[in-house]
Amino acid sequence: MHTPKLHSEWLSILEAELAEPYMNELRAFLQSEIAKGRAIYPPGEQMFAALNATPPSEIRVVILGQDPYHGPGQAHGLAFSVRGMQALPPSLRNIFRELSRSTGAPERQNGDLSDWAHQGVLLLNSVLTVERGKPGSHAKHGWERFTDTIVQWCAEDPTPKVFMLWGAYAQRKGEKIKGTQHRVLHAPHPSPLSAHRGFIGCDHFREANAFLSAAGRERVDWT
């Protein structure tokens, strides 16, 4: 398996990390899984899609997910996002429900969040690959350390950003985010099990744009 191409800005930041022994072990694990005929999502060329769509200099908002969707044709490298013709997963439907409630816009039906990514919303999963039908199957193989490095860079960068941490997993991953230049927003996860506990009504989309405007940065067109 060839390492997917990575945006030059990210490559300069992550070059040393990519050369760490644990990353070689992660590559070997993925190659072994593919050699066994196991379906891995997203496809290899989309593994770094979130980083390639949102280079460091353009990040305005960071949304943290856990691992990719594990159904055929769903995952394409952006957290919470599915290709446009795919049915909306329940968590994404709740995200759109809250977006509509907060902004008054019609509830969005297209689950491809590439338009957010191209506006500076880093849609980063903690684990970047998964085996078909087995959620969490690629956890604890090195991806978490790699994406921790990305989150740490985002937190230490002086440019003001918004971090949206939905659910306990994302909040643990983001607990080291410091700095008064950023806005860190917490809410329950948008899954059907927890969305009613405070995700619906959190107003994160509106709050993010208010913060960006106050910081002199361009707002995100979420709709």
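Above this text sits the structure in question.
Residues numbered from 1 in each chain as written. Predicted model: local features only at pLDDT ≥ 70, side-chain atom pairs only at ≥ 80, totals over all residues. Heavy atoms only, no water.

Undergrad: An account of the packing of aromatic side chains is requested, with residue identities and associated values reported.
TA: Within the structure shown, the criterion is met by ten aromatic pairs. One aromatic cluster in this structure is built from Phe-80, Trp-116, Trp-166, Phe-199, Phe-205 and Trp-222. (Phe/Tyr/Trp six-rings, centres within 6.5 Å; stacked < 30°, edge-to-face > 60°.)

Undergrad: Account for the nonpolar core, with residues named and values stated.
TA: In this structure, Trp-116, Phe-146 and Trp-222 are the most contacted members of the largest nonpolar core, which totals 66 residues. A per-element tally of this core places helix H6 (residues 143–156) first, with six residues. In this view, Trp-222 contacts Val-61, Ile-63, Leu-99, Arg-108, Trp-116, Val-121, Met-164, Phe-205, Ala-208 and Asn-209; residues no more than four positions away in its chain are not counted. (Core = buried A, V, L, I, M, F, W, Y, C linked by side-chain atoms within 4.5 Å. Buried < 20%, exposed > 50% of the residue type's maximum accessible area, 1.4 Å probe, protein only. Helix = DSSP H or I, 4+ residues; strand = E, 2+ residues; numbered from the N terminus. Contact = heavy atoms within 4.5 Å.)

Undergrad: So what's going on with the packing of helix H4 (residues 90–103) against helix H8 (residues 204–214)? Which residues, and what values?
TA: Packing of H4 against H8 brings their axes to within 8 Å, and their N-to-C directions diverge by 60°. Relative to H8, the element H4 is oriented oblique. For the pair H4 and H8, the contacting residues are Ile-95, Glu-98, Leu-99 and Ser-102 in the first and His-204, Phe-205 and Arg-206 in the second. (Axes fitted to C-alpha atoms, helices over the stretch in contact; angles between N-to-C directions. Parallel < 35°, antiparallel > 145°, perpendicular 65-115°, else oblique.)

Undergrad: I'd like a rundown of the environment of Arg-217, residues and numbers included.
TA: You can see Arg-217 is positioned in the segment after H8. Relative accessible area serves as the criterion here: at 18%, Arg-217 is assigned to the buried category. Taking C-alpha positions, Arg-217 is 21 Å from Leu-124, a pair spaced 93 residues apart along the chain. With near-sequence residues (within four places) excluded, Arg-217 lies in contact with Ser-57, Glu-58, Ile-59, Arg-60, Thr-159, Pro-160, Lys-161 and Leu-212. A polar contact of 2.8 Å, which involves the side chain of Arg-217, links it to the backbone oxygen of Pro-160. (Polar contact = N/O pair within 3.5 Å; in protein donor to acceptor, adjacent residues only side chain to side chain.)

Undergrad: Give me the lowdown on the sheet that holds strand S5 (residues 162–166), citing residues and values where you can.
TA: One open sheet accounts for four strands, arranged S3-S2-S5-S6; its pairing is parallel. Whereas interior strands pair on both sides, the edge strands pair on one side only; in this sheet they are strand S3 (121–125) and strand S6 (183–187). On average, adjacent strands in this sheet sit at an angle of 20° to one another, irrespective of strand direction. The sheet contact formed by S5 and S6 spans five bridges and is parallel. Its bridge partner lying in S6, Leu-165 is registered against His-186. Each of strand S2 (61–65), S5 and S6 is contacted by H8, which is oriented at about 165° to S5, the strand it contacts most. (Pairing = 2+ DSSP bridges.)

Undergrad: Give me the lowdown on unusual backbone geometry, citing residues and values where you can.
TA: Between Tyr-41 and the following residue, Pro-42, the backbone shows a cis peptide bond with an omega angle of -10°. Within the element layout of this structure, Pro-42 appears in the loop between strand S1 (40–41) and helix H3 (49–53). Here Lys-140, not a glycine, exhibits a phi torsion of approximately 65°, which is positive. Among the structural elements, Lys-140 can be located in the loop between strand S4 (130–131) and H6. Overall, the relative accessible area of 78% leaves Lys-140 in the exposed class.

Undergrad: Explain the side chain of Glu-17 to me, and be specific about the residues and the numbers.
TA: Structurally, Glu-17 can be placed in helix H1 (residues 8–18). For Glu-17, the side chain forms a polar contact with the side chain of Thr-149, separated by 3.4 Å. Sequence-distant contacts of Glu-17, that is, excluding residues within four places in its chain, are made with Tyr-22, Met-23, Arg-145, Phe-146 and Thr-149.

Undergrad: Go over H1 with me, naming the residues and quoting the values.
TA: Every buried residue belonging to H1 is among Trp-10, Leu-14, Glu-17 and Leu-18, and all of these are buried. The buried residues of H1 occupy one face: seen down the axis, they fall within an arc of 80°. For H1, the exposed residues lying more than 90 degrees away from the buried face are Ser-8, Ser-12, Glu-15 and Ala-16. As for H1, its buried residues are in contact with helix H2 (21–35), H3, S3 and H6. (Arc of directions from axis to C-beta.)

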